[in-house]
Amino acid sequence: MSTAVATARPGQVLADLLPASRVRDIALVLGGAALTGLAAQLSVPVPGSPVPVTGQTFAALLVGTSLGAGRGFLSLALYALLGLAGVPWFAGGTSGSGASFGYIVGMLLASAAVGALARRGADRSVPRMAGTMILGEAIIYATGVPYLALSLDLSTSAAIAAGLTPFLLGDALKAALAIGATPTAWKFVNKRK
């Protein structure tokens, strides 16, 4: 019985190591959306903020780097569209376009950006992955905080206090997990060659 492992090549993301097919791509997109929905259920309220701490950002950034820009974007688009349609898989089992929906839009954009960088090799080393995660987090906040301000009629400083500052430490920890996970996966793949 053969245990052939695909050889990692430049321009690939981790998902590309699986045998190519439409079924694979559909399964990866569905799986990325489901992972994000499950991670959103890890939700902890933040006093003074309508936005909870969740596992969504970790999932969105990991989906983007592992699946690449196209599949990552489609996964998060599916997640967002189904949540808007009423599937209760946003933070804490909610759905619809509440005050924190801007962060979901940001995650969609961030998954595409980090996926594009991963395809250029940014997921192969810890320093490059760190830069990739920082960019992804910045995109999420750049979309989420203004949406929060507009939806709740908050000043810029109030939106930053409610939708950015309380989350920096937690997002740094989630990013650190992703920073270690993907380069480690590539090292494992390269050792099995």
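Here's what I pulled together on the structure shown here. Bear in mind the structure is a predicted one, so any value in this text is a computation, not a measurement.

**Observations regarding the overall build of the protein chain**
Part 1 of the reasoning: Helix and strand counts for the protein chain stand at seven helices and zero strands.
Part 2 of the reasoning: Counting from the amino terminus, the protein chain carries its helices and strands in the arrangement α-α-α-α-α-α-α.
Part 3 of the reasoning: Taken over the C-alpha trace, the protein chain has a radius of gyration of 17 Å; the compact-globule value for 193 residues is 16 Å, and the two agree within 12%.
Part 4 of the reasoning: The principal-axis extents of the C-alpha atoms in the protein chain amount to approximately 60 × 35 × 25 Å.
Part 5 of the reasoning: Taken over 193 residues, the protein chain has a buried fraction of 45%.
Part 6 of the reasoning: For the protein chain, restricting intrachain contacts to residue pairs at least 6 apart in sequence, the fraction spanning at least 24 positions comes to 71%.
Part 7 of the reasoning: Roughly 9400 Å² of accessible area belongs to the protein chain as shown, and the carbon and sulfur atoms make up 71% of that amount.

**Things to note about the environment of Ala40**
Part 1 of the reasoning: Inspection of the secondary structure puts Ala40 in helix 1 (residues 22-40).
Part 2 of the reasoning: Relative accessible area serves as the criterion here: at 0%, Ala40 is assigned to the buried category.
Part 3 of the reasoning: Taking the C-alpha atoms as reference points, Ala40 and Ala59, separated by 19 residues in sequence, lie 8.5 Å from one another.
Part 4 of the reasoning: In contact with Ala40, other than residues within four places in its own chain, are Thr54, Gln56, Tyr79, Trp89, Phe90, Ala91 and Gly92.

**Considering the nonpolar core**
Part 1 of the reasoning: Leu76, Tyr79, Tyr103 and Met133 are the most contacted members of the largest nonpolar core, which totals 41 residues.
Part 2 of the reasoning: Of all the secondary structure elements, the ones that give two or more residues to this core are helix 1, helix 2 (56-67), helix 3 (69-84), helix 4 (101-119), helix 5 (126-152), helix 6 (156-163) and helix 7 (168-191).
Part 3 of the reasoning: Setting aside residues up to four positions removed in sequence, Leu76 forms contacts with Thr36, Ala60, Val63, Met107, Leu108 and Ser111.

**Some points on the pattern of salt bridges**
Part 1 of the reasoning: Per the stated rule, a full pass over the model turns up six salt bridges.
Part 2 of the reasoning: For Arg24, the salt bridge goes to Asp25, with nearest N and O atoms at 3.0 Å.
Part 3 of the reasoning: For Asp25, a relative accessible area of 25% corresponds to the partly exposed category.
Part 4 of the reasoning: Sharing partners across several salt bridges, the network here consists of Asp16, Arg24, Asp25, Arg71 and Arg119.

Definitions and cut-offs
For every chain, the first residue of its written sequence is number 1, and the numbers climb from 1 along that sequence. The predicted nature of this model means local features are confined to residues of pLDDT at least 70 and side-chain atom pairs, given and counted, to a pLDDT of 80 or more, with totals for whole chains, interfaces and linings taken over all residues. Computation of side-chain values covers all heavy atoms of the structure but excludes hydrogens and water. Secondary structure elements are taken from DSSP: a helix is a run of H or I of four residues or more, a strand is a run of E of two residues or more, and numbering for both begins at the N terminus. Only C-alpha atoms enter the radius of gyration, while the globule expectation follows 2.2 Å times N to the 0.38, with N the number of residues. Relative accessibility under 20% of the residue-type maximum defines a buried residue, over 50% an exposed one, and the middle range a partly exposed one, all with a 1.4 Å probe and only protein chains included. Contacts were defined at the residue level, with two residues in contact if any of their heavy atoms lie within 4.5 Å. Every accessible area reported is derived by Shrake-Rupley at a probe size of 1.4 Å, with residue values counting cover from the shown protein chains alone. Remark: nonpolar core denotes a set of buried residues (Ala, Val, Leu, Ile, Met, Phe, Trp, Tyr, Cys) joined through side-chain atoms within 4.5 Å. A side-chain nitrogen of Lys or Arg and a carboxyl oxygen of Asp or Glu constitute a salt bridge if their distance falls within 4 Å.

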